[in-house]
Amino acid sequence: YVEGDPMYELERIIEGVARKYAVQNYGVDREDLEQELWIVAVEKFLNKVDDPSEINFRLFARCCWNRAVDIYRYSRISSV
């Protein structure tokens, strides 16, 4: 994707959130987390709009953050 394209923005958000919350010590790989966040993108946003430019990127980032924190917390609890 190229800069300015809505899909480029989604990809940047997903990669940023995954980079921040992927922790090897708890078994959360960055690539796996990115895949989970793409699922959020498709289920909650891309299936519901005709044009990706209609997506509220702040809301999208918040949903990705929430999902990443859920996965991080679950991984932390299950590793104890």
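Preceding block: the structure.
So, a few notes on the structure that sits alongside this text.

Each value, and the rule that gives it
- Residues numbered from 1 in each chain as written.
- Predicted model: local features only at pLDDT ≥ 70, side-chain atom pairs only at ≥ 80, totals over all residues.
- Heavy atoms only, no water.
- Helix = DSSP H or I, 4+ residues; strand = E, 2+ residues; numbered from the N terminus.
- Expected span 1.5 Å × (residues − 1).
- Buried < 20%, exposed > 50% of the residue type's maximum accessible area, 1.4 Å probe, protein only.
- Arc of directions from axis to C-beta.
- Contact = heavy atoms within 4.5 Å.
- Salt bridge = Lys/Arg side-chain N within 4 Å of Asp/Glu carboxyl O.

## Brief notes about helix H1 (residues 6-21)
And then number 1: Compared with an ideal rise of 1.5 Å per residue, which puts 16 residues at 22 Å, H1 spans 23 Å between its outermost C-alpha atoms and is within 8% of the ideal.
And then number 2: Every buried residue of H1 is listed here: Pro 6, Met 7, Leu 10, Ile 13, Ile 14, Val 17, Ala 18 and Tyr 21. Projected down its long axis, H1 carries its buried residues within an arc of 125°, all on one side. Across from the buried face of H1, at angles greater than 90 degrees, the exposed residues are Arg 19 and Lys 20.
And then number 3: Along its buried surface, H1 packs onto helix H2 (30-46) and helix H3 (57-78).

## Brief notes about the pattern of salt bridges
And then number 1: If you walk through the whole model with that rule in mind, you get four salt bridges.
And then number 2: One salt bridge in this structure joins Glu 9 and Arg 12, with 3.2 Å as the shortest N-O distance. Remark: Arg 12 and Glu 9 occur in helix H1; sequence separation between them is three residues, near one turn of the helix.
And then number 3: Given the relative accessible area of 23%, Glu 9 is considered partly exposed.
And then number 4: With relative accessibility at 47%, the residue Arg 12 sits in the partly exposed group.
And then number 5: With its nearest N and O atoms 2.7 Å apart, the salt bridge here joins Arg 30 to Glu 34. Placement of both Arg 30 and Glu 34 in helix H2 is noted, with a separation of four residues, approximately one turn of the helix.
And then number 6: The class for Glu 34 is buried, based on a relative accessible area of 14%.
And then number 7: Beyond isolated ion pairs, a larger network of salt bridges with shared partners links Arg 30, Glu 31 and Glu 34.

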